[in-house]
Amino acid sequence: MNRLRLWSSILCATFLLAACNPGQPVTDGQTALNDEESEEYKPAPLPDIKVGERPDPSTDEAGLWLVVEREENKLHRAGNLITDRRLNEYVRNIVCDLSGPYCPDIRVYILRVPAFNATMAPNGMMMVWSGLLLRARNEAQLAAVLGHEIGHYLRRHSIQRFRNIRDTAGFLTFFSMGMAVGGVPGIADIAALAAMGSLSSFSRDNEAEADALGAERIAEAGYDPREAAAVWNNVIEEYERADIKREFSFFLSSHPRPEDREKDLTQRAEELIKAKGSPGSKHVARYRAAIAPFRTMMLRDEVRRRDYKRTVGLIDMLLEDGFRKGELHYFKGEVFRLRDNQEENDRAAALEQYEKARNIGGYPPRMYKSIGLLNLRQKNMPAARKAFRQYLKLTPNAPDKGYILSVINPSS
Amino acid sequence: MKQTLGTAFIALACVALTSCASISLVKPGTVEIENTYTVETNTAWNRMSGQVDDLWTLDGPLVQAIYFYTGIEEGENIFQNPGSDNGPDAKYKNMPKFKKGMTAFDISEMVVATLAQSKASDIQVVSLTKAEFGNRDGFRFELRYKDAESLERKALVFGTAQNDRLHLILYQAPAMYYFDRDKARVEQIFKSVRFLDRSA
């Protein structure tokens, strides 16, 4: 890779990483930029970005924009860019509602990356990961995250952060961490991005400011501002269910503590509701309709992460939410089938989930193939044949038909 | 570190290629692969080896390549890299692992999930059939996917998991022009696999 390109990627990746990534554990081998470092140097507060504003070409901010713009050009041809017009319009309309006159300055890119995140670059390039769409339970929750990101943009937190880090000893650490990352993220990058997120995250002040701005904007746009706290609640719960305890060191190092954040957001929401005289809407049905065509794909991507415990926890939470439960049971069964941990009795657990899916409906035909595979593994050939036949009946042009037929009729 | 499938994996490959790979010419004839089996090729290939484990290409690894993964054991991923919590190897940590008794279906899912973790998207298995690998029972499957830069690619995977060790040969190239152009000569390599007596 061209050296300049690599460095550009690093610099860019640095600023693509906004606040929402809950991150990976900051282990002993890493040095997070702690509060002492970030508090020591505080650049003068910057005025909010103006509508249509571009930085003066002679400034460091303009340099930062150039690097980010180069990355943005690459985004247009990213293989994991979701280009579906309706989904893009849906997210874009929310962004426009929240950003008002800044709407033309913000460009939204929805990427197929199965992790909870949205990022905002200083030039108005916003990335929304599909993992966020899978995890948000309603439109107000999605809007809360988008509003938070817009807050970073308006307050120019990226350039503040850049100047802060440039002038502290953390810079080299920052860049050495960045060596693992660059450009458009994929699944493989999540760990590295998250680890770097712990270094490149905004300061607590910036986060709190973006939270406050986000909450105000969603309330103004008619959403229930309490959903902003609910988003963080969900993130915390997902980590807790997966027993990922140390991840919170990330929050503690440079973010408001999750409990504080939730408390602040809840308090702010109550104030906003009181001032407005109504709680606002969550828009559950509208949200579900918008993500419905992509939900299967998003769940499949999540399962392919092979982060089994975490995915089971997430699916359990989504089951409590109750949208398309049959499909959720199918994917929970898939996690057990793929993990195939005999001590955990995964094969029986998978079959149990498939059975629940069958009772509810809404599962894909390939569930029968999974049932066949499980029975094949258990050497229960009659049950395997029955399930495979059902799969071929429902999917007559299955790509693996040849192989399946040879399993059903080994002599032929 | 073993190397990866297609430009989906190229992002990982670039650094390794520049620093560690040595390039040699594979002449037409019999070629030994990792002390495990031989293949016959009737055309010459460029072979990149070193940290990159036996990658063969005609026009360069960013265009097309054949990858040989040999002797993958229980609990190992395709790259035989256990991964780590941090650093460049973190990406290998949750990659799917081979287990004894896996069927061809399981292995196709393993390869698809590996690709999905390597910046490929829209991955589809377009065929899966039984096939001999050397003198062992094996399988072959074909995939279609988009690489990190949205280029449509096809991959042909050929392998066996007999004797509790997984051997895979993967060929990938852009769907347009290259894949079909070289498919016949790659098929000929696939069919020519002969396990060495000393291999497990």
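Residues numbered from 1 in each chain as written. Chains lettered and ligands numbered in written order. Predicted model: local features only at pLDDT ≥ 70, side-chain atom pairs only at ≥ 80, totals over all residues.

Trainee: Teacher, can you tell me more about the overall build of chain B here?
Mentor: A count of helical and extended segments in chain B gives 3 helices and 11 strands. For chain B, the proportion of its 200 residues judged to be buried stands at 50%. For chain B, the share of sequence-separated contacts (at least 6 apart) that also reach a separation of at least 24 residues comes to 51%. (Helix = DSSP H or I, 4+ residues; strand = E, 2+ residues; numbered from the N terminus. Buried ≥ 20, exposed ≤ 12 C-beta atoms within 10 Å, placed from the backbone. Contact = placed C-beta atoms within 7 Å.)

Trainee: Could you clarify how one ought to interpret the environment of V335 of chain A in this entry?
Mentor: All names here are of chain A. One can find V335 in helix 16 (residues 325–339). On a C-alpha basis, the gap between V335 and A383 in space is 21 Å, while along the polypeptide they are 48 residues apart. Beyond its immediate sequence surroundings of up to four residues, V335 is in contact with V303, Y308, T311 and V312.

Trainee: Is there a simple way to explain the sheet that holds strand 7 (residues 121–133) of chain B in this structure?
Mentor: Sheet strands line up and pair through hydrogen bonds in the backbone, either parallel or antiparallel. All names here are of chain B. Judged by pairing direction, the sheet is antiparallel, and its 8 strands sit side by side in the order 1-4-5-6-10-9-8-7 without closing on themselves. Only two strands of the sheet have a single neighbouring strand rather than two, namely strand 1 (22–26) and strand 7. Taking the axes of each pair of neighbouring strands and ignoring which way they run, one obtains an average angle of 20 degrees across the sheet. In terms of strand pairing, strand 5 (residues 55–57) meets strand 6 (residues 65–72) through 2 bridges, oriented antiparallel. The residue of strand 6 that forms the bridge with L55 is Y67. On top of the sheet, helix 2 (residues 104–116) reaches strand 7, strand 8 (136–146), strand 9 (152–160) and strand 10 (166–174); it is set at about 145 degrees to strand 7, its chief contact. Where helix 3 (residues 178–191) meets the sheet, it contacts strand 6, strand 9 and strand 10, and its direction lies at approximately 160 degrees from that of strand 10. (Pairing = 2+ DSSP bridges. Axes fitted to C-alpha atoms, helices over the stretch in contact; angles between N-to-C directions.)

Trainee: It is not clear to me how the interface of chain B and chain A should be interpreted in this structure. Could you clarify?
Mentor: It is common to give the size of an interface as the accessible area lost on bringing the parts into contact. Between chain B and chain A, the residue contacts involve 34 residues of the former and 31 residues of the latter. Secondary structure elements with two or more residues in the side of chain B that touches chain A: helix 2, strand 7 and strand 8 of chain B.

Trainee: Can you help me understand helix 2 of chain B in this one?
Mentor: Because an α-helix packs 3.6 residues into every turn, residues spaced three or four apart end up facing the same way. Along its 13 residues, helix 2 of chain B runs 18 Å from first to last C-alpha, staying within 8% of the 18 Å computed at 1.5 Å per residue. Of all the 13 residues making up helix 2 of chain B, 13 are buried; the element is thus mostly covered by neighbouring parts of the structure. (Expected span 1.5 Å × (residues − 1).)

Trainee: Could you clarify how one ought to interpret the confidence of the model for chain A in this entry?
Mentor: Should the pLDDT be low somewhere, the predicted coordinates at that spot are not to be read in detail. Residues and elements named next belong to chain A. In this model, chain A carries an average pLDDT of 81, and 77% of its residues clear a pLDDT of 70 or more. By mean pLDDT, the top-scoring element of chain A is helix 4 (residues 85–99) (98), and the lowest-scoring one is helix 1 (residues 3–16) (36). Counted against residues more than four places away or in other chains, residues 171–182, with its pLDDT under 50, gives 30 contacts. Counting interchain partners and residues more than four positions distant, the pLDDT-below-50 stretch residues 195–200 has 25 contacts. (pLDDT = per-residue confidence, 0-100.)

Trainee: Honestly, the nonpolar core in this entry has me stumped. Any pointers?
Mentor: General note: in soluble globular proteins, nonpolar side chains tend to be found buried as a group. Judged by nonpolar contacts, the single largest core of 146 residues is most densely connected at M126, V128, A143, L146 and I218 of chain A together with I66 and V157 of chain B. When residues are assigned to domains, this core turns out to be shared by domain 1 (3–276) and domain 2 (367–412) of chain A, each giving three or more. When sequence neighbours within four positions are dropped, the list of residues in contact with I66 of chain B reads W56, I169, L170, Y171, V186 and I189 of chain B. (Core = buried A, V, L, I, M, F, W, Y, C linked by C-beta atoms within 7 Å. Domains from an automatic or database assignment.)

Trainee: What should I look at first to understand the packing of helix 18 (residues 366–377) of chain A against helix 19 (residues 381–394) of chain A in this one?
Mentor: Packed helix pairs are characterised by how far apart their axes lie and by the angle those axes make with each other. Residues and elements named next belong to chain A. Viewed as axis vectors pointing N to C, helix 18 and helix 19 meet at an angle of 160 degrees, and their least axial separation amounts to 8 Å. In terms of their interaxial angle, helix 18 and helix 19 are classed as roughly antiparallel. The two elements helix 18 and helix 19 cross, and the hand of that crossing is left-handed. Across the interface between the two elements, R366, Y368, K369, I371, G372, N375 and L376 of helix 18 pack against A383, A384, A387, F388, Q390, Y391 and L394 of helix 19. (Parallel < 35°, antiparallel > 145°, perpendicular 65-115°, else oblique. Left-handed = near helix turned anticlockwise from the far one by under 90°.)

Trainee: For this particular structure, what's the right way to read the packing of helix 6 (residues 139–154) of chain A against helix 11 (residues 226–241) of chain A?
Mentor: Residue and element names in this part refer to chain A. Packing of helix 6 against helix 11 brings their axes to within 8 Å, and their N-to-C directions diverge by 85 degrees. What the angle tells us is that helix 6 and helix 11 run roughly perpendicular. Here helix 6 contributes A140, Q141, A144 and V145 to the contact with helix 11, which in turn contributes E227, A228, A230 and V231. Partitioned by chemical class, the residues of the contact of helix 6 with helix 11 number 6 nonpolar, 1 polar and 1 charged. (Nonpolar A, V, L, I, M, F, W, Y, C, P; charged D, E, K, R; others polar.)

Trainee: How do you make sense of the pairing of strand 4 (residues 45–49) of chain B when you look at a structure like this?
Mentor: Residues and elements named next belong to chain B. Inspection of the sheet shows strand 1 paired to strand 4 by 5 bridges, in the antiparallel sense. Across the sheet, residue L25 finds its bridge partner in strand 4, namely N46. The pairing of strand 4 with strand 5 spans 3 bridges and is antiparallel. The residue bridging N46 from the neighbouring strand is T57, located in strand 5.

Trainee: Can you help me understand unusual backbone geometry in this one?
Mentor: Note: most peptide bonds trans; most residues except glycine with negative phi. Residue and element names in this part refer to chain B. In this structure, N35 is a non-glycine residue whose phi angle is positive, near 60 degrees. Structurally, N35 is set in the loop between strand 2 (29–33) and strand 3 (37–41). For S150, which is not glycine, the phi torsion reads 75 degrees and is therefore positive. Checked against the element boundaries, S150 lands in the loop between strand 8 and strand 9. Residue classification places S150 among the partly exposed positions, given that 15 C-beta atoms sit within 10 Å.

Trainee: What is the right way to read the confidence of the model for chain B from this model?
Mentor: Residue and element names in this part refer to chain B. For chain B, per-residue confidence averages 87 on the pLDDT scale, and 86% of positions sit at 70 or higher. Here residues 6–19 scores under 50 on pLDDT; set against residues more than four positions off or in separate chains, the count is 38 contacts. Scored by ipTM, the complex comes to 0.83, with pTM at 0.84.

Trainee: What should I look at first to understand the environment of V145 of chain A in this one?
Mentor: Mapped onto the elements of the fold, V145 of chain A is located in helix 6. In this structure the C-alpha to C-alpha distance between V145 of chain A and A118 of chain A, which are 27 residues apart in sequence, comes to 7.2 Å.

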